[in-house]
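# Per-entry structural report
One letter stands for each residue in the lines below.
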Number of protein chains: 2
Amino acid sequence: MKSEIISVGTELLLGQIVNTNAKYISLKLSTIGIDVFFQTNVGDNPKRLKECLEIAVKRSDIIILTGGLGPTMDDLTKETVAEFFDLPLIEDTDSKLSIENYFNKSNRKMTANNYKQALFPEGSKILPNEIGTAPGCIFKKNSKIIIILPGPPSELIPMFDNYVYPYLKNMSDKIIVSKVIKIFGIGESKVEDMVNDLLISSNPTVAPLISDGIVTLRITAKSDNKEEAENMIAKIEEKIKDVIGDYIFGSDDETMEYVIFNLLRERNLTLTTAESCTGGLLSKMITDIPGSSEIFKYGFVTYSNEAKHKMLGVSKQTLEKYGAVSIETAKEMAVNAKEIANADYGVSITGIAGPDGGTEKKPVGLVYIGLSYNNEFYVRKTLTMGVRQRIRLISALNAMDMIRRHILKLKIDL
Amino acid sequence: MKSEIISVGTELLLGQIVNTNAKYISLKLSTIGIDVFFQTNVGDNPKRLKECLEIAVKRSDIIILTGGLGPTMDDLTKETVAEFFDLPLIEDTDSKLSIENYFNKSNRKMTANNYKQALFPEGSKILPNEIGTAPGCIFKKNSKIIIILPGPPSELIPMFDNYVYPYLKNMSDKIIVSKVIKIFGIGESKVEDMVNDLLISSNPTVAPLISDGIVTLRITAKSDNKEEAENMIAKIEEKIKDVIGDYIFGSDDETMEYVIFNLLRERNLTLTTAESCTGGLLSKMITDIPGSSEIFKYGFVTYSNEAKHKMLGVSKQTLEKYGAVSIETAKEMAVNAKEIANADYGVSITGIAGPDGGTEKKPVGLVYIGLSYNNEFYVRKTLTMGVRQRIRLISALNAMDMIRRHILKLKIDL
């Protein structure tokens, strides 16, 4: 089954909002074997919306429209779609009542044009809207399935989950299962090289993607039954593990911070952070996780030499002789932070996030990451290309990767 | 000038990522009077990409493609576009060198398939990529302008701003000027109520939008000359200021952190942070700003009572009697942090970010934010609805809002 999504709203074309609806719907459809081949955003403009429908009916079996169901004059999706498919708009009594209800409950005054929200193309199955006043609908015409949904995600998501997803699930013969393998420490093209032979496979497919310093490989298998699909994925996953090895840190929704949180918690270990150029980003990422207080209690943000000396007791000689961006400073930061916080692990980050402050010897992107555990100390010297935000993020990820590797007894300084 | 954006990437159709590139480009184009009538997302599939190009050349003067410039086998945008427009791919020597440079600098091994990133449709103007290895390009064919940009926003945004935006600006006749007013401290619907009469204006238009706890009002004026458009905006802005007043903290690209950074720097004032439930988010946001070391030197992440006592000297009695989430703890955190860091301002955040840890008396979302300056102390008691991430973000914004209000001598505890 080929499908496409047409999102209607001039605010999309003006760049005032991001289209999260298309993402949400596509992700759900991918799990039931319905291919989304195109996502189109068009304005609240009947002529151009008709052009999109003209194109869509030629290439897709299922056309999902979002947006333009509001009460205002420029909300014309239903009217336009009905006209395109040559169907009259019929009033749905239940919808009319529930809209009237909605206004009574919220004691807001109902305007005449709210009634048009109760009109639907003839033969539609009505999709109730529990959140707002704009019901959706599904109808079939010329063997095409047309689905019309409201624009606000808070209204679209429950309507899609409760009515559209089950409806489409019944129609799909194939099951699609996918799994994401998460990789840190090697670049996308390197990963590509390593799994080259797998990338040409058509079922399961293996798709690489890089975002925020993490390379992911998404394995997607299509089959008649779930178990077979999962077996297909397991086989490919094995092959990937064979070549990528311990650069793989997690799968699916596991973030690096979530992975180290679990590793530490399972072992009753605690962590403290001593951050210079990341300025609290690492502790922020760790504490994004509910329950992180079990493994994280102290964080030191030492953004100046004075703070490194006063908060962490980094010696003035070290700072003068080697500078703040050095193995020596990274070591004293990590070791002393661990002592002060009485934690199992002390991790430190000191470097030049830029855009200014770089020198010939110490360029922007140079970051030292230190890890202290008992009497052991490890340091990773990294040179990250890119903007300040990226340099900071990659540094925080490196710090967590070092912890992960130490706990799992893997090679740490790369 | 009619334009459209074609974003290439199967990850978009699988719903793995949201298309923020189309939003960004559209927003920028709207400011120079170039209409974006369609945004299309298509997979890394030459056949379907060609279908999109077939449609695009019929209806648009400018076609902007994003994504699919990576080194991997499934990155085929340039190849497909070149074939569609019947142009050979030519190697660009400078691009080749800078790609080689990139790999040398980051001492990563360059793979053969990286070289294809230096190939461009014949006659292209090359758009350098300062962040990654994928340059973009612009070329004209049959009176159409074709622009090809990389997919990662961190690479696309600087390339668009530095090369594409100025290029297109020169071609546009109409002038559209827009200004964004940024508001913190009142909800979107409240703001809408307050500026209700302005929202129906058609030129300038006023569009409200909420994101990450910040309400924005975008004023957009269309005119033949810049000055007139700016005057139209100024008039509306005055009206907005009259009703919204000091809830307005900035405009356009100014973030809250950028605003307080400037307020502090202009006055040679410094700030230190003492964070519990935000776990470093506030110091992270402040240090996102290049040069923040001028105003920020120390940050304390005291995620446990022990840390509050040991790092900041919050008295055990206070913690026992009032608890960590209390005015009293917030006060000792802010005051002591300021003393230890010898800063002008000490700001503290302590609360319950959830999802667990809430009680009848102290529910999830309850956060105390303290501000210490000389012998003055202010506290804001907030109760934020929503998920952990939102509660943490709103708390950090409140802390910065309090600093802004103190510096500007505005009412602080709301």
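Going by what an unreviewed UniProt entry lists, chain A is known as Putative competence-damage inducible protein and is assigned to Aceticella autotrophica.

Another point: the pattern of salt bridges. Throughout the structure, instances matching the rule amount to 35 salt bridges over all chains. Two residues, Asp401(A) and Arg380(A), come together in a salt bridge whose shortest N-O distance is 2.9 Å. Residue Asp401(A) is found in helix 15 (residues 388-407), and its partner Arg380(A) is found in strand 17 (residues 376-383); the two are separated by 21 residues along the sequence. With respect to burial, Asp401(A) and Arg380(A) carry one shared label: buried. The residue Arg405(B) makes a salt bridge to Asp401(B) at a minimum N-O spacing of 3.2 Å. On the criterion of helical spacing, the pair formed by Arg405(B) and Asp401(B) is a turn pair, its members being 4 residues apart in helix 15 (residues 388-407). Like Asp401(B), Arg405(B) is buried. It is possible to trace a salt-bridge network through shared partners that takes in Asp246(A), Arg380(A), Asp401(A), Arg404(A) and Arg405(A).

All right, on to the interface of chain B and chain A then. Taken residue by residue, the interface counts 75 residues in chain B and 72 residues in chain A. Of the roughly 6,200 Å² buried between chain B and chain A, counting both surfaces, carbon and sulfur atoms make up 59%. The largest per-residue losses of area from chain B upon contact with chain A belong to Gln39(B), Tyr298(B) and Tyr303(B), which jointly make up 10% of the total buried on that side. Applying the counting rule to chain B against chain A returns 34 residue pairs in polar contact (both at pLDDT 80 or more). Looking at side-chain class alone, the side of chain B that touches chain A contains 32 nonpolar, 27 polar and 16 charged residues. Both strand 2 (residues 35-42) of chain A and strand 2 (residues 35-42) of chain B contribute to a ladder of 5 bridges, which runs antiparallel. When the bridges of strand 2 of chain B are listed, Phe38(A) appears paired with Val42(B).

Reports of interface size often rely on the accessible area that becomes lost once the parts have come together. Residues and elements named next belong to chain A. By domain assignment, chain A separates into domain 1 (2-169), domain 2 (176-251) and domain 3 (256-407). Between domain 2 and domain 3, a total of about 750 Å² is buried, with carbon and sulfur atoms accounting for 66% of that surface. By the criterion of area lost to domain 3, the three top residues of domain 2 are Phe184, Asp246 and Phe249, representing 68% of everything that side buries. Here domain 2 is connected to domain 3 by 1 salt bridge. Between Arg405 and Asp246 there is a salt bridge; the shortest N-O distance is 2.9 Å. Where domain 2 touches domain 3, the interface holds 3 residue pairs in polar contact (both at pLDDT 80 or more). In terms of residue count, the dominant contributor to the side of domain 2 that touches domain 3 is strand 12 (residues 248-251) (3 residues). Split into classes, the residues belonging to the side of domain 2 that touches domain 3 amount to 5 nonpolar, 2 polar and 2 charged.

About the cut-offs
Residues numbered from 1 in each chain as written. Chains lettered and ligands numbered in written order. Predicted model: local features only at pLDDT ≥ 70, side-chain atom pairs only at ≥ 80, totals over all residues. Heavy atoms only, no water. Salt bridge = Lys/Arg side-chain N within 4 Å of Asp/Glu carboxyl O. Helix = DSSP H or I, 4+ residues; strand = E, 2+ residues; numbered from the N terminus. Buried < 20%, exposed > 50% of the residue type's maximum accessible area, 1.4 Å probe, protein only. Contact = heavy atoms within 4.5 Å. Buried area = accessible area lost by both parts, 1.4 Å probe. Polar contact = N/O pair within 3.5 Å; in protein donor to acceptor, adjacent residues only side chain to side chain. Nonpolar A, V, L, I, M, F, W, Y, C, P; charged D, E, K, R; others polar. Pairing = 2+ DSSP bridges. Domains from an automatic or database assignment.

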